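The primary structure of each chain is shown beneath.
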Amino acid sequence: MNMTNAEMNRLRWSCRRGLLENELVLERFLHAHAALLEGERLAAFKTLLGYGDDELWDLVSGRRECGDPALGEVVRLLRNC
Amino acid sequence: MAVARRSFDAVVVGAGGAGLRAALQLSEAGLSVAVLSKVFPTRSHTVAAQGGIGAALGNMGEDSWLWHMYDTVKGSDWLGDQDAIEFMVREAPKLVYELEHFGMPFDRNENGTVYQRPFGGHSQNFGERPVQRSCCAADRTGHAMLHTLYQRNVRARTQFFVEWMALDLLRDASGQVLGVTALEMETGEVMVLHARATLFATGGAGRIFSSTTNAYICTGDGLGMAARAGIPLEDMEFWQFHPTGVAGAGVLITEGVRGEGGYLLNKGGERFMERYAPNLKDLASRDVVSRAMATEIKEGRGAGPRGDYLLLKLDHLGPEVIEKRLPGIREIAKKFADIDPVKDPIPVVPTVHYMMGGIPTNYRGEVVVPAFSNGRSDPEAVVPGFYAAGECACASVHGANRLGTNSLTDLLVFGKAAAESIIKFLQENPGRKDLPKDAAERTEARLARLDGQTNGESVAEVGMEIRRTMQAHCGVFRFPDMLAKGVKKIREIADRASRTQVKDKSRVFNTARIEALELDNLIEAARASMVSAEARRESRGAHDRADHHSRDDSNWLKHTLWYKDGDRLEYKPVHMKPLTARTIEPKVRTY
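S.K.: A description of the overall build of chain A should follow, citing residues and the corresponding values.
M.R.: Along chain A, the regular secondary structure elements total five helices and zero strands. From first element to last, N terminus to C terminus, chain A shows the α and β order α-α-α-α-α. In terms of overall dimensions, chain A has C-alpha extents of about 35 × 25 × 20 Å along its principal axes. When burial is assessed residue by residue, chain A has 56% of its 81 residues classed as buried. Considering only contacts in chain A between residues 6 or more positions apart, those separated by 24 or more positions represent 60%. When the accessible surface of chain A is summed, it comes to about 3700 Å², and 48% of that surface belongs to carbon and sulfur atoms. Distance from the positive charge centre (11 side chains) to the negative charge centre (13 side chains) of chain A: 2 Å.

Shown next as C-alpha cells:
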C-alpha cells in the first residue's frame, strides 16, 4: 500500500455514509483488507465509495449483482465482511 | 491568524432532508445560498429513513389532519407544542404533493394515487383503529427524498460546500447571528462564512450512545455550536429508542415490518404486545413498544442465551411479501444477525434512534430563547438571523416521543417553514450587518488549544467513555442513583474532553482533528441529556424512571432548557393551544 496519510484519511472519510449498515461493513473491510488496497483494487474500492448508499448496500448485501467485472473482487470481499 | 471570509444571503449547515428542502426554497427565491455538509449531500443520514412520510392524504381510507394531530400529541405524551403540531400536520399533505411534483418516486395504488402504509401510533378517529398514513417509496423513502431534493437544488443553483465542517456560530454583541466559521477538510483551512441568515439542519446526536441506529456523522454538531454560543438546548432528556434494532449491531429493522404484519415474541413464544397495547398491539407508539420490550427483558422473558433480546417474527408473511414490501430486511438480518427471516425470527432490542430535543424553535423555524427586555420576560424571544429545522431542532412537535414517519414530515415542513421565515426576514432587513472584528476568535482559540495540547486525552477513549456512560446511565429505564452518578461522570468526562490531543498535526484531510472537533459537540449533547434527565422526576414518553413511574403533569408539563454556561437548567411552558383546533387535553395514554 503506497497511500500517503492524507490519501488514507480521505479514503476513511469516504467510508462515512448515511447508512450505518454500509459504515459497519466498510469499517470491517478496512480493518481486514487495507493492506490490499493498491492498483486496480484501490481503484475499484474508490469507484464503489462513489456509489450512493442504497446502491452500495444493494451490492454489499447481494441484493443486486455487480455488472462491472472490474469491481467483482472488491464486492466479494465486502460481502464477506 | 488571518481568516478568509465569504458572504452569502443564507448559510445552511447540513444537507439532509431539512437542509436541502430549506436550501431549495431559498435558492428558488433568488438568494445566494451556501450549504455546508461533512459528506456528500445524498450520503446524509436522511438516506436511512425507510418508513415513509406521515401525511393525512386519505388515499387508503378516510383520514384527517385532526386525527394525525391527535396521534402526534398523544404520541408526544402531551409534551409537544400543539400549535407546532397543528401546523405540521396541516402542511404535511402539501409538502408530499410538492415532492410528488418534484418527481419523487412514491409507491402507487392501482388508481395512481400515492400508496400509504400503516405505521405505529397512527390511527383513525382519535385512536380507534390503525390508519394507513405513511407515504413511502418501498423501504427507501429517505433515499428517494434526498435524491429528489438534491437534484432540484442543483437545478436551482444552490452552492454546496462538500466535506466542510461548520465549527462555531457567529453572533454580534446584540446576539444576532451572522454566520459560521467552517473547516475545509481538503485543506484544513478555516473560513468565515458571513451570512444574513443562518439555518442549522445538522441532524441528531445519536452517537453519544453505544447502541444506536445513527450513522457516524450524527455527532450533534449544531447542538454543540449553539450551546457554545449561549443558546440553550431543549428537552434533551428525551431520546427515542427504536424497538427493533438488530441485537448487537444497532442496525435498524424498520417499523414497516410490523406495519406489514410482523410481530414480537418473547422467549416463550408469546406475542407479548397483546398484554401491553390490546388495541394497536405491535403497532403501538415506539416508546410503548420499547418500554414493553425492556420490561420483558428485565423480568426474565428475553430470548437468547443471555435473555437480552426479543424476537421479531415475519416468516408467516411469506417470502413474496417480504421481498416486495420489505426488500432490504432479509439482507440486513442475514448480514448482521446471521439469520434468514423467511425461516427464523430476528433478534432485536430497543436501540437509540432519534433525538426529540434540540435547538429551541417556534413553528416558523426561528430559534427562540428566554430573554428579558423592557421590564418583561419573554420565554421565547426570537434570535435574529438564526433558524433550525429537522432533528437538530425542537419545535417541539415530537415532545417526549416521536411517532414513526413524523421525522420526514418534520424536516420537510419545518425546512420549508424556516426558509420562508428567512426570506421574510431578509426582505424586512435588507442590509448586511458587519461582523465583529473578533468573529473567528472562539474557533481560533479552540484550534490553537487542540494543536498545542500536550499530555492530553485520547479522542477515541473520551468518545468511548461518553457512549458507555450514556448507555449505562441514561437508557429506557432510568434510576435516580444511576442518573446522579451519570451526571458526575459526564461532568468529569467533559473536563477530559476539554484536554483532547491529536498527534497528527497535518492540515490536509486530518480526520483525527475533525473527530476531535466533533467530540466537542458530542460532549455538549451528552451533558445536556444527562443533566436534563436527572432533573426530570417523572416518566414521560420515551423513558421510564424507577422512582416516578407515572407522568406528572402538575409538576412536569414543561420543556427543559439546558445552558452550557453554568451547566444549568431552566423550564418553559408547553404550548397547549393549537393554531385553530381545540386543545387536546392530557389524559392517560393507552394504545
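S.K.: A description of the overall build of chain B should follow, citing residues and the corresponding values.
M.R.: In terms of regular secondary structure, chain B is built from 16 helices and 24 strands. In terms of overall dimensions, chain B has a C-alpha envelope of 65 × 55 × 50 Å along the principal axes. Buried positions account for 66% of the 591 residues belonging to chain B. Across chain B, every contact between residues at least 6 apart in sequence was considered, and the portion connecting residues at least 24 apart equals 74%. A total accessible area of about 20400 Å² is found for chain B, and carbon and sulfur atoms account for 49% of it. Looking at chain B, you have 75 positive and 75 negative side-chain charges, and the mean spots of the two groups are 0 Å apart.

S.K.: Quick one: what's the story with the pattern of salt bridges, residue by residue and with numbers?
M.R.: Residue and element names in this part refer to chain B. If you walk through the whole model with that rule in mind, you get 62 salt bridges over all chains. Of the charged contacts, one joins arginine 133 and aspartate 71 as a salt bridge, the two residues approaching to 2.8 Å between their closest N and O atoms. Taken together, the residues span a long stretch of sequence, with arginine 133 in strand 5 (residues 129-135) and aspartate 71 in helix 2 (residues 65-75) at a distance of 62 residues. On the basis of relative accessible area, aspartate 71 is assigned to the buried category, the value being 2%. One salt bridge connects aspartate 287 with arginine 589, and the closest N-O pair in it is separated by 2.6 Å. Of this pair, aspartate 287 sits in helix 8 (residues 286-298) while arginine 589 sits in the segment after strand 24 (568-573); the two residues are 302 residues apart in sequence, bridging distant segments of the chain. You can call aspartate 287 buried: its relative accessible area is 2%. Through salt bridges with shared partners, a single ionic network connects Asp77, Glu237, Asp287, Arg536, Glu538, Arg540, Arg551, Asp553 and Arg589.

S.K.: Could you give an account of the environment of A:Leu56, naming the residues involved and the relevant values?
M.R.: Residue and element names in this part refer to chain A. With respect to the helices and strands, leucine 56 occurs in helix 4 (residues 53-61). Separated by 37 residues in the primary sequence, leucine 56 and leucine 19 place their C-alpha atoms 9.9 Å from one another. When sequence neighbours within four positions are dropped, the list of residues in contact with leucine 56 reads Arg17, Asn22, Leu26, Leu48 and Tyr51.

S.K.: Please set out the environment of B:Asp81 residue by residue, giving values where relevant.
M.R.: Residues and elements named next belong to chain B. Its place among the elements puts aspartate 81 in the loop between helix 2 and helix 3 (82-102). Considered as a pair, aspartate 81 and proline 305 are 224 residues apart in the sequence and their alpha carbons are 44 Å apart. Discounting chain neighbours no more than four positions away, the residues touching aspartate 81 are Ala395, Ser396, His559, Val574 and His575. For aspartate 81, the side chain forms a polar contact with the side chain of histidine 559, separated by 2.8 Å.

S.K.: So what's going on with the interface of chain B and chain A? Which residues, and what values?
M.R.: Each side of the interface is counted separately: chain B has 39 residues, and chain A has 31 residues. With both sides pooled, the region where chain B packs onto chain A buries about 2800 Å², and carbon together with sulfur makes up 53% of that total. The largest share of the area that chain B buries against chain A comes from B:Arg43, B:Tyr216 and B:Lys335, three residues that together contribute 27% of it. The tally of links between chain B and chain A comes to four salt bridges. Note that A:Arg16 is salt-bridged to B:Glu518, the shortest N-O span being 2.7 Å. Counting every contact that joins chain B to chain A gives 17 residue pairs in polar contact (both at pLDDT 80 or more). Only helix 10 (329-337) and helix 15 (511-535) of chain B provide two or more residues apiece to the side of chain B that touches chain A.

S.K.: Give me the lowdown on unusual backbone geometry, citing residues and values where you can.
M.R.: What you tend to see is this: most non-glycine residues have negative phi, and most peptide bonds are trans. Residues and elements named next belong to chain B. Omega for the bond connecting alanine 395 with serine 396 falls within 30 degrees of zero, at -5 degrees, which places this linkage in the cis form. Along the chain, the position of serine 396 falls in the loop between strand 18 (393-394) and helix 11 (406-428). Located in the positive-phi region is aspartate 77, a residue other than glycine, with phi close to 55 degrees. The topology assignment puts aspartate 77 in the loop between helix 2 and helix 3. Backbone geometry places threonine 405, a non-glycine residue, at a positive phi of 80 degrees. Here threonine 405 shows up in the loop between strand 18 and helix 11. With a relative accessible area of 4%, threonine 405 lands in the buried category.

S.K.: Run through the nonpolar core, naming residues and quoting values.
M.R.: Counting residues in each nonpolar core, the largest one holds 130 residues, and the members touching the most others are A:Phe45, B:Ile53, B:Ile346 and B:Phe414. Filtering out sequence-adjacent residues up to four positions away, B:Phe414 remains in contact with B:Ala84, B:Phe87, B:Met88, B:Tyr363, B:Ala389, B:Ala395 and B:Val397. Residues B:Ala205, B:Cys218, B:Ala226 and B:Ile493 belong to the second largest nonpolar core, which totals 87 residues.

S.K.: Run through the sheet that holds strand 14 (residues 346-355) of chain B, naming residues and quoting values.
M.R.: Residue and element names in this part refer to chain B. Across the sheet, four strands lie side by side as 11-14-13-12; this open sheet has antiparallel pairing. Sheet topology places strand 11 (239-246) and strand 12 (263-265) at the edges, where each strand pairs with a single neighbour. Geometrically, the sheet is characterised by an average inter-axis angle of 50 degrees between neighbouring strands, direction not taken into account. In this sheet, strand 14 lies alongside strand 11 in antiparallel orientation, the contact comprising six bridges. Opposite valine 246, over in strand 14, you have valine 348 as the bridge partner.

Conventions and cut-offs
Residues numbered from 1 in each chain as written. Chains lettered and ligands numbered in written order. Predicted model: local features only at pLDDT ≥ 70, side-chain atom pairs only at ≥ 80, totals over all residues. Heavy atoms only, no water. Helix = DSSP H or I, 4+ residues; strand = E, 2+ residues; numbered from the N terminus. Buried < 20%, exposed > 50% of the residue type's maximum accessible area, 1.4 Å probe, protein only. Contact = heavy atoms within 4.5 Å. Areas by Shrake-Rupley, 256 points an atom, 1.4 Å probe, with all protein chains shown as cover. Lys, Arg positive; Asp, Glu negative; His and termini not counted. Charge placed at Lys NZ, Arg CZ, Asp CG, Glu CD. Salt bridge = Lys/Arg side-chain N within 4 Å of Asp/Glu carboxyl O. Polar contact = N/O pair within 3.5 Å; in protein donor to acceptor, adjacent residues only side chain to side chain. Buried area = accessible area lost by both parts, 1.4 Å probe. Core = buried A, V, L, I, M, F, W, Y, C linked by side-chain atoms within 4.5 Å. Pairing = 2+ DSSP bridges. Axes fitted to C-alpha atoms, helices over the stretch in contact; angles between N-to-C directions.

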